[in-house]
Each structure stands twice: as structure tokens, then as C-alpha cells.
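Here is what each chain is made of, one letter per residue.
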Amino acid sequence: MGGRHVHRARRLLEGALDAALPEERLVRAARTAVAELGSPERLSDLVRELATGVGAPSGCARLSYRHVLGFDKLLLIDGGPRHMLRAHVWHPGTRSAGREDIHNHRSPLASYVVRGKLGMELYEPLRGPADPGESGIATSWYRESLSDVEGHWLLEPAGPARLRLTQTAEYGTGSGYGLPSYALHRAWCASAGTAVTLFLETGAGRRRYTDVFAGSADSANADAGDRAEAVVKRPMEVDEYLAELESLAKLISR
């Protein structure tokens, strides 16, 4: 089944992440775990071992894809409902490498920058009528869930919304962050070259959908009567997945 480095990573995750922990404590535990696994030597060993076909390459390939939010998403370790360890590879200069939509997640997460630099913004929703001194950002609000068709994304319009930007930050190589499931944010590649992050999603009590904010309030009104839109998610073939892991191992070893 798993090689030595895969076994060590699984043991660390299973020992560090207790799904019964309150969300804030789970975020802290995830940050510690992902920073340890993201150290250059340890991650290189893990990715090289996975690239040889060790572990569960067919299952991981089915859950790896080019994400619509602007990065390649490679599943490294599938811990079932308790945790998922992924590598996110951001390629500047491609059409999809712009800033992703503002969104939250179904469960707590932690991310560690292995290579390059990542930019991130945090937002909060504005409630009630607009304050004359606080116009906020007008957006379209969608609820994203998995459709019944091969796990594609289903985006359902939920109406207009207004958000406030609360923080902008940049994370360089060797730094990272953790977020509770409800935190609204968006990230992008902030370096001239490819950025790589190690991403850990954890927690058994996952929400059914996430909130996604994009476009303008006018587009939300226009879309309100439309049927829900399914966005195709193309899983990688096993050979493609293993080739991506080989490329990733070379990239993070430089």
C-alpha cells in the first residue's frame, strides 16, 4: 500500500488532527502539521515516493484536477472525511492564474507556502442597509455544492451581497496560515515564477455547500432566474497524475 514516507505522513496527520476539537484548535493543529510536512526535504521525499505509484494513485488521480479558481490541485493523501492533504500548483502567466473568486470552505484548513509567494485577502459580509460611509463591494452570491453528475461543481445563484475587505497579506516561502471554514478569502500567485502550497483540509463535520462571491450585484439579479450552472471538473488520468507529481518533485527540489 504505502511506502515509508507516505506512512510517516499518514501517522502524523492521524495523530495531530482530532475531529472532535473545536474549530479554532483544529485550525492551529492543522497549521502545525502542514508546516512540518511542508519542510523541503520531507515534502520532496513524500512526492517522489508518490510519483512512483506508491499509495493509492488511481483514487488520488480521480480527486486531482485543474481547479477553476486558478491552480492545479493534486491530492497527496486521502484521509477520508477526516483530512485531505493536497499540493496546489499556481502557474503565473496562464489565463486561469488571476485572482480566484472570494469564497469560504466546507471545513477548517491550513496552507503552507513551499515555493514562491501567495497573496491573500480576507473579507466579511456587510449586513443590512448600506451605511453612507461604508459602500462595500457589490458582488453576486452563489452557493457551490457537488452536483449529482460525476462530482462536478454546481453553482446556484443566491442573490446580491456586499462585502468588506478586512485584510491583505502576502505569504512567502516557509510561511503559512490557517482559516476556519466560515472565513471569506481569495488567494493568488504573487510571485514571478510558479508558486506551490501544501494545503490541508480537515474536520469531519463538513458543510453541504460553500459560499462563492463573484462579479457584480447586477449580474446576480440577472442570474437569479436562471437554472443552476454545473461547472465541469475533469479528473486526471493516473499517468497524468503521476507525471504531475514527478514535475512537482523537480520543482520543489530546486
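Keep in mind it's a predicted model, so treat the numbers as computed, not measured.

## Considering the environment of H5
Position of H5 relative to the elements: it lies in helix α1 (residues 4–16). Along the primary structure H5 and D45 are separated by 40 residues, whereas in three dimensions their C-alpha atoms are 6.7 Å apart. Discounting residues that sit within four places of it in the chain, H5 has contacts with D45, L46 and E49.

## A short note on the packing of α1 against helix α2 (residues 23–37)
At a closest axis distance of 10 Å, the pairing of α1 and α2 adopts a crossing angle of 165 degrees. Taken together, α1 and α2 sit at an angle that is classed as roughly antiparallel. For the pair α1 and α2, the sense of crossing is right-handed. Across the interface between the two elements, A9, L12, L13 and A16 from α1 touch A29, A33, E36 and L37 from α2. Among the residues making up the contact of α1 with α2, the classes are represented as seven nonpolar, no polar and one charged.

## Structural notes on the side chain of S111
One can find S111 in strand β5 (residues 109–115). For S111, a relative accessible area of 3% gives the class buried. Non-local contacts of S111, meaning those with residues more than four positions away in its chain, are made with V34, S175, G176, Y177, T197, L198 and F199.

What counts and what doesn't
Residues numbered from 1 in each chain as written. Predicted model: local features only at pLDDT ≥ 70, side-chain atom pairs only at ≥ 80, totals over all residues. Heavy atoms only, no water. Helix = DSSP H or I, 4+ residues; strand = E, 2+ residues; numbered from the N terminus. Contact = heavy atoms within 4.5 Å. Axes fitted to C-alpha atoms, helices over the stretch in contact; angles between N-to-C directions. Parallel < 35°, antiparallel > 145°, perpendicular 65-115°, else oblique. Left-handed = near helix turned anticlockwise from the far one by under 90°. Nonpolar A, V, L, I, M, F, W, Y, C, P; charged D, E, K, R; others polar. Buried < 20%, exposed > 50% of the residue type's maximum accessible area, 1.4 Å probe, protein only.

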